[in-house]
Amino acid sequence: MTPPTTDTDRLHLARALELAAQGRGRVSPNPMVGAVITRDGEVVAEGWHSEYGAPHAEVEAIAAAGDADLSGATLYVSLEPCCHTGKQPPCTDAILAAGIRRVVVASDDPTEKASGRGLGILRDEGVDVAVAGGELAARARLLNQPFRKQARTGRPWVLFKSAMTLDGKVATRAGDSKWISSTQSRERAHHWRAECDAVAVGIGTALADDPQLTARIPGVARQPRRVVFDSLARVPLDSQLVQAAADIPLTVVVSRAAPRTATDALETHGAEVIVATGANEPARVVSALDQLGAVGVASILLEGGPRLAGAFLDAGEIDELRLFLAPIVLGGRTARDPLEGEGVETISEALRALTLDCDRVGEDLLVSARLKEW
């Protein structure tokens with residue numbers, strides 16, 4: 001029987017979650033993990049997974065303890081300790097070697113190579129193991145939604161971001177969309193780019209805006225992969241996206257109809273080309289996500305346009321929405337909506353948000369809706 005957690009346990013686990021969040025945008029495709037070690041009621045050391053390939057949170061906390069005697073200590077960790085060898089050795093080995101006798105975790109690891117095995121190994125070696133429930137467990141799961149979705153489906157977690165007017169338009173009838181959102185909202189979106197593994201747009205956006213799709217904020221640790229859904233490989237070779245492909249990864253998602261000369265030219269300029277298969281756009285979205293997930297892309301910021309966003313929605317592959325609502329009105333029956341695609345026929349078929357939050361960003365209203373939980 002799993003021992004219950006106490007108020008003290010929950011306090012230290014909450015701190016482990018705070019520590020874990022410091023790895024945001026740095027550790028993917030690994031999960032964000034934080035750890036706290038206590039002995040005789042006092043905090044001895046803390047640690048977190050700081051970047052992909054670096055030591056895990058448990059090992060960092062043990063190292064931070066220095067020469068302190070950890071025999072009989074308690075380890076609080078936001079995610080089940082690993083028991084397999086990857087870029088780092090098993091954390092279970094380090095825990096046992098340190099003499100830690102109690103481990104309290106906030107959430108499970110859903111990957112096939114883990115999924116309770118680490119906790120089983122610790123129990124077999126006489127370690128007292130407790131698993132949190134309730135709000136802390138939910139917070140721990142939400143912290144690592146990209147990791148959890150990829151573990152369960154093989155596909156990246158998708159965050160759809162858009163800026164719209166009060167009447168729900170993302171561009172005028174003439175196609176003008178710069179700038180609907182405020183400077184502060186656009187700065188917030190650059191932080192989301194830095195936190196995600198990839199930024200995705202459709203060929204319409206790529207042709208109309210010639211975007212860079214980079215995270216332009218001070219101190220960014222890495223740039224996201226740029227992904228263009230471009231069925232006929234029409235991305236211009238002199239575009240900013242292709243010109244920077246040697247330094248910042250660019251993936252162009254094409255269909256089987258794309259001319260070989262065009263895809264060869266893109267690859268010669270440093271872009272990666274993947275062929276998405278399927279009978280329709282939603283099926284090709286799933287095919288592309290399967291291939292992106294297979295190369296370690298765990299999260300995607302989907303920035304449009306409306307046709308591509310609609311295909312993602314029809315495919316059931318939008319996990320969260322973040323919509324900037326600007327205090328302007330456009331009108332016009334041919335002005336663009338944020339999501340096109342087929343949609344549903346009846347209200348009863350509509351996808352209902354699990355959570356809904358609102359926040360002021362500059363003069364805009366940011367509406368965030370979580371559609372799925374993994």
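Calculation rules
- Residues numbered from 1 in each chain as written.
- Predicted model: local features only at pLDDT ≥ 70, side-chain atom pairs only at ≥ 80, totals over all residues.
- Heavy atoms only, no water.
- Domains from an automatic or database assignment.
- Contact = heavy atoms within 4.5 Å.
- Buried area = accessible area lost by both parts, 1.4 Å probe.
- Salt bridge = Lys/Arg side-chain N within 4 Å of Asp/Glu carboxyl O.
- Pairing = 2+ DSSP bridges.
- Helix = DSSP H or I, 4+ residues; strand = E, 2+ residues; numbered from the N terminus.
- Axes fitted to C-alpha atoms, helices over the stretch in contact; angles between N-to-C directions.
- UniProt positions renumbered as here; feature names shortened; annotations may be inferred.
- Buried < 20%, exposed > 50% of the residue type's maximum accessible area, 1.4 Å probe, protein only.
- 1 Å grid on protein atoms, 1.4 Å probe; cavity = no way out; pocket = protein on both sides within 12 Å on 5 of 7 lines; lining within 4 Å.
- Points joined across faces, edges and corners; volume = space filled by probe spheres on them.
- Nonpolar A, V, L, I, M, F, W, Y, C, P; charged D, E, K, R; others polar.

Caption draft 1: Representation of the domain arrangement of the protein in the model. In terms of domain boundaries, the protein breaks down into domain 1 (7-146) and domain 2 (154-370). Computed from C-alpha coordinates alone, the two centres of domain 1 and domain 2 are separated by 34 Å. Taken residue by residue, the interface counts eight residues in domain 1 and eleven residues in domain 2. Counting each side, the surface lost to burial between domain 1 and domain 2 is near 800 Å², with a carbon and sulfur contribution of 60%. Counting the surface domain 1 buries against domain 2, the share from its top three residues, G25, S28 and P146, is 52%. The tally of links between domain 1 and domain 2 comes to zero salt bridges.

Caption draft 2: Fine view of the sheet that holds strand β1 (residues 34-39). A sheet is described by the order of its strands in space; here five strands give the open sequence β2-β1-β3-β4-β5, paired in mixed fashion. For this open sheet the edge positions go to β2 (42-48) and β5 (128-131), each flanked by a neighbour on one side alone. Within the sheet, the average angular offset between the axes of one strand and its neighbour, ignoring direction, is 15°. Across four bridges, the pairing between β1 and strand β3 (residues 74-77) is antiparallel. Paired with I37 across the strands is L75, a residue of β3. Contacts between helix α4 (residues 117-124) and the sheet are confined to β4 (102-105) and β5, with β5 contributing the most and set at about 150° to the helix.

Caption draft 3: Representation of the UniProt feature "domain: CMP/dCMP-type deaminase" (unreviewed entry) in the protein. UniProt's feature table lists "domain: CMP/dCMP-type deaminase" (unreviewed entry) at residues 7-122, given in the numbering used throughout. With 31% helix and 18% strand, residues 7-122 has its two end C-alpha atoms placed 23 Å apart.

Caption draft 4: Quick look at the pattern of salt bridges. Enumeration according to the criterion identifies 23 salt bridges in this entry. Here R10 makes a salt bridge to D7, at a shortest N to O gap of 2.5 Å. Here R10 pairs with D7, and both are found in helix α1 (residues 7-20), just three residues apart, close to one helical turn. R10 gets classed as partly exposed once you look at its relative accessible area, which sits at 34%. Each of K149, R155, D290, E317 and D319 takes part in a single network of salt bridges with overlapping partners.

Caption draft 5: Structural view of the layout of surface pockets. Considered as a void within the structure, the second largest pocket measures approximately 720 Å³ in volume. In this structure, the second largest pocket is lined by 33 residues; those nearest its centre are R24, L142, L143, W157 and R322. Taken together, the elements giving at least two residues each to the lining of the second largest pocket come down to α5 (134-143), α6 (145-153), β6 (157-164), α7 (183-195), β12 (320-325), β13 (355-361) and β14 (364-370). The element that contributes the greatest number of residues to the lining of the second largest pocket is β14, accounting for four residues. Here the residues of the lining of the second largest pocket are counted per class, giving 15 nonpolar, nine polar and nine charged.

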